[in-house]
Amino acid sequence: MQPGTVSLVGAGPGDPDLLTVKARRLLEDADAVLYDSLVSEAIRDLPPASVERIDVGKRGDGERTTQAAINDLLVRRAAAGDDLVRLKSGDPYVFGRGGEEAEHLAAAGIPFEVVPGITSAVAGPSLIGVPATHRDHASSLTVVTGHEDPTKEEGALDWDALARSVSAGGTLVILMGVGRLPDNVAALRAGGVAPDTPVAMVERASRPDEFAVTGTLDTITDRAREVGIDPPAVTVVGDVVSVRDRVADALRAAGTVRSADAVDDPAVPTE
């Protein structure tokens, strides 16, 4: 039997309008869509009723589909001739384990393709008026996971190096870092990042309930707690956050920024 094809598809941050044209076509033509829990309901509802939807994300009771089970399901269904969409929030290759699944499919001889999506690392900040880079503010961008404990000696992230990058004018974006926000802030401060360095957080970027808060490295932990920032959220650290003060009102007036309830810290530098 001729095997089907697995498409590793990025769903973007959540707004269906931000899907690529190819992603939308594949969702309509697939035999089954295997989606993660962070994929928005609006995008999960796009495929027609004839397309099987399979939840392979974390469930409400705390159970999680293991990566091994996902890999096996992809190979088994594709080997049986099904064309599958493996749907991931953001981009499949940005903390989405798309690379692992691609390796597994290749080893099993299953045809696959990768359809990039808009990563929240860029979309989250930009949607609230914060550019990832800016000629006057930042010429580098670093994206890291916020899950890892920065105090671990064997940790994969060098927080001193990250701190030096921010101090030199680079932009640092932390994904999945709400729970460890105090630890990450402390690590940057210990690395020498100035306490008045601007910070922004955006929750559920591009979705109807998008919400954002700004502060400084010295204030963002308290401010995030005060306004109730919850996962999924993106944290951006660096001088680029100051650009928001000059563009957010214009974005709201144009109807292109959803976070009308965003809470801005007046202490954030604007220059």
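The structure under discussion appears in the preceding block.
Residues numbered from 1 in each chain as written. Predicted model: local features only at pLDDT ≥ 70, side-chain atom pairs only at ≥ 80, totals over all residues. Heavy atoms only, no water.

*Asks:* Whenever I open this one, the pattern of salt bridges confuses me. Can you help?
*Replies:* Following the criterion strictly, the structure yields nine salt bridges and no others. With a shortest N-O distance of 2.7 Å, Arg77 and Asp82 are connected by a salt bridge. Asp82 shares its class with Arg77; the two are buried. The salt bridge partner of Arg86 is Glu101, with a shortest N-O separation of 3.2 Å. A residue pair is termed long-range when its members are at least 10 positions apart, and Arg86 in strand β4 (residues 84-88) and Glu101 in helix α4 (residues 98-108) qualify at 15 residues. The exposure class of Arg86 is buried, given its relative accessible area of 1%. Assessed through its relative accessible area of 0%, Glu101 is described here as buried. Each of Asp36, Arg86, Lys88 and Glu101 takes part in one network of salt bridges that share partners. (Salt bridge = Lys/Arg side-chain N within 4 Å of Asp/Glu carboxyl O. Buried < 20%, exposed > 50% of the residue type's maximum accessible area, 1.4 Å probe, protein only. Helix = DSSP H or I, 4+ residues; strand = E, 2+ residues; numbered from the N terminus.)

*Asks:* Please clarify how helix α6 (residues 159-167) should be interpreted in this entry.
*Replies:* Three- or four-residue spacings in an α-helix give side chains the same orientation, since the helix completes a turn every 3.6 residues. Within α6, burial applies to Trp159, Leu162, Ala163 and Val166. In a view along the axis of α6, the buried residues occupy a sector of 100°, so they form one face of it. On its buried face, α6 is in contact with β6 (141-145), β7 (171-175), α7 (181-190) and β10 (233-237). Sitting at the head of α6, Asp158 places a side-chain oxygen 3.2 Å from the backbone nitrogen of Asp160. In the stretch just after α6, Gly169 is the one whose phi turns positive, near 110°. (Arc of directions from axis to C-beta. Contact = heavy atoms within 4.5 Å. Polar contact = N/O pair within 3.5 Å; in protein donor to acceptor, adjacent residues only side chain to side chain.)

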